[in-house]
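Structural overview for review
Residue-level listing of the chains:
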Amino acid sequence: MGSLAQRKRLVTLGKYKEAPEFPKEFFLDLTSFCNHSCVFCANPMIKNKTTMQEEMVHRVFQEAYECGVTDIGLYATGESFLVRKLADYIAFAKNIGFSYLFITTNGALATPERAKPVIDAGLDSIKFSISAGTRNTYKKIQGRDDFDLVLKNLRWISRYRDEKKYDLKIYVTMVYTNETQSEVEMLESLVRPFIDEWDPHELTNQCGNMPENNSIGDIRSENPRGRGRRRVCYQPFKGFTVTPEGTVSACIIDYSRDLVVGDLNQSTLSEIWEGEVYKNFRRRHLTRNLDGLICHNCMNNAEEPVDPLLPEYKHDYRDRNIESSADATIDGKEVYFDEISEMNRDSD
């Protein structure tokens, strides 16, 4: 499938128009739960977190394959290793016929016990997101003292891949702030022997969701997602994200659900992709008419009022609740967050 840089470039190619062909790649956000609380991330502020139901996962796989999708990212706003059936979902997707399944993870839960069945099921690439080069800074940035554990898990996956001779690509990305910029080379030296590519990133405002990130790093206007196409984001034309609730968003990190373009509980993937809401949204990108959209804040590093595309799906997420997001234990026992989701539903 080429290098990581080639894959990123490939996804942006093609015609940008109101009704583009159905994409070859999309993201399936299996859960909005996360076991970390990164200071630059909006996830800790999400209310009403949930995990996608198995029936919806299977349905999306089937519909997407019938529409011509070949590649799936099994993540977006949450940590997918918190999903008990992650390996089952990968095996299911591979059995259908998908070519490339990939994941980004903070790596703390990518232990041999959890990672082995996921890799054996046919995962094609895994990217570790590690946002510091020392244990003390990592704990401050990511909210958990997991630095040594993450590196241990990375080394194990590298050895296991080599032992099994799997064609699994292993990457590491680093989002750096003013405080951690001096640790970029330090982290690279620690992970280089175990990975295929190193992929550091400067800080962003998380597609308009985190204007407060300006206090911890230098954020460039027009940088977040254009990838060479000035003022026109590639995402509305080249893919979509299915949220854990079963809605479809035009953005991979739509924490606030300002860019929901349809609901799979009411429509099919193809109906949403070809629908008027999505067409109108793409038209606004093509005409650079982004005022009132969170996309304006993303591209201009601004903090202007936002009108959601479909107000009924808007999420209120501004209350930061780090403790509940980071706690991955109940009564001292590590659990999967789909178990917590089930507990919450049972108590309703």
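As the structure is a computational prediction, the values presented were derived from the model and not from experiment.

Thoughts on the sheet that holds strand S3 (residues 100-105)
Spatially, S6-S5-S4-S3-S2-S1-S7-S8-S9 is the arrangement adopted by the nine strands of the open sheet, whose pairing is mixed. A strand with exactly one partner marks an edge of an open sheet, and here the two such strands are strand S6 (197-202) and strand S9 (260-263). Looking at chain direction, S3 and strand S4 (residues 125-129) are connected through four bridges and run parallel. Counterpart to Ile103 in the pairing with S4 is Ile126. Packing of helix H2 (residues 54-66) onto the sheet brings it into contact with strand S1 (25-28), strand S2 (71-73) and strand S7 (241-242), and relative to S1 it is tilted by some 175°. Against the sheet, helix H7 (residues 184-191) makes contact with strand S5 (169-176) and S6, and its axis sits at roughly 160° relative to S6, the strand it touches most.

A look at helix H10 (residues 276-286)
For H10, the complete set of buried residues consists of Tyr278, Phe281, Arg282 and His285. One face of H10 carries all of its buried residues, which in axial projection span an arc of 95°. Residues of H10 that are buried sit in contact with helix H8 (235-238), S9, helix H9 (269-273) and helix H11 (294-300).

Quick word on the packing of H2 against helix H3 (residues 86-96)
Where H2 contacts H3, the axes come no closer than 10 Å and their chain directions differ by 25°. When the axes of H2 and H3 are compared, the pair comes out roughly parallel. Judged by the sense of rotation from one axis to the other, the crossing of H2 with H3 is right-handed. Taken together, the residues of H3 that come into contact with H2 (itself represented by Glu54, Val57, His58, Phe61, Gln62 and Tyr65) are Tyr89, Phe92, Ala93 and Ile96. Looking at the contact of H2 with H3 residue by residue, the classes come out as seven nonpolar, two polar and one charged.

Notes on the packing of aromatic side chains
Centre-to-centre distance and the angle between the planes together describe a pair of aromatic rings. Under the definition given, this model contains 16 aromatic pairs. Ring centres of Tyr138 and Phe147 lie 5.5 Å apart, and the angle between their planes is 55°; on these two criteria the pair is classed as tilted. Residue Tyr138 is classed as buried on the basis of its relative accessible area, which comes to 0%. Members of the aromatic cluster, each reached through a chain of ring pairs, are Phe22, Phe26, Phe240, Trp273 and Tyr278. Between the NZ or CZ atom of Arg282 and the centre of the ring of Trp273, over which it lies, the distance is 4.3 Å. The residue whose ring lies beneath Arg282 is Tyr278, and the NZ or CZ to ring-centre distance is 3.9 Å.

Each value, and the rule that gives it
Per chain, residues are indexed from 1 in the order of the written sequence. Two thresholds apply to this predicted model, a pLDDT of at least 70 for residue-level local features and 80 or more for giving and counting side-chain atom pairs, whereas whole-chain, interface and lining totals are computed over all residues. With hydrogens and water set aside, each side-chain value is computed from the structure's full complement of heavy atoms. Only strands joined by at least two bridges in the DSSP assignment are considered to pair. Here a strand is any run of E in DSSP of at least two residues, a helix any run of H or I of at least four, and the numbering for each starts at the N terminus. Contacts: residue pairs with any heavy atoms within 4.5 Å of one another. Every axis in this analysis is a line fitted to C-alpha atoms, fitted for helices over the stretch in contact. Angles between the N-to-C directions lie between 0 and 180 degrees. In this scheme, a residue with accessible area under 20% of its type's maximum is buried, one over 50% is exposed, and one in between is partly exposed, where area comes from a 1.4 Å probe on protein chains only. Working note: the arc is built from the helix axis to C-beta atom directions. Just so you know how the angles are binned, under 35 degrees is roughly parallel, over 145 roughly antiparallel, 65 to 115 roughly perpendicular, and the rest oblique. Here a crossing is called left-handed whenever its near helix is offset anticlockwise from the far helix by less than a right angle, and right-handed whenever the offset is clockwise. We call Asp, Glu, Lys and Arg charged. Ala, Val, Leu, Ile, Met, Phe, Trp, Tyr, Cys and Pro are nonpolar, and the rest, Gly among them, are polar. Any two of the Phe, Tyr and Trp rings considered here, Trp counted by its six-membered ring, make a pair once their centres fall within 6.5 Å; the pair's planes then place it as stacked at under 30 degrees, edge-to-face at over 60, or tilted in between. The rule for a charge over a ring is simple: NZ of Lys or CZ of Arg within 6 Å of the ring centre, and within 35 degrees of the ring normal.

Read these as layout, nothing more, since geometry by itself doesn't imply function.
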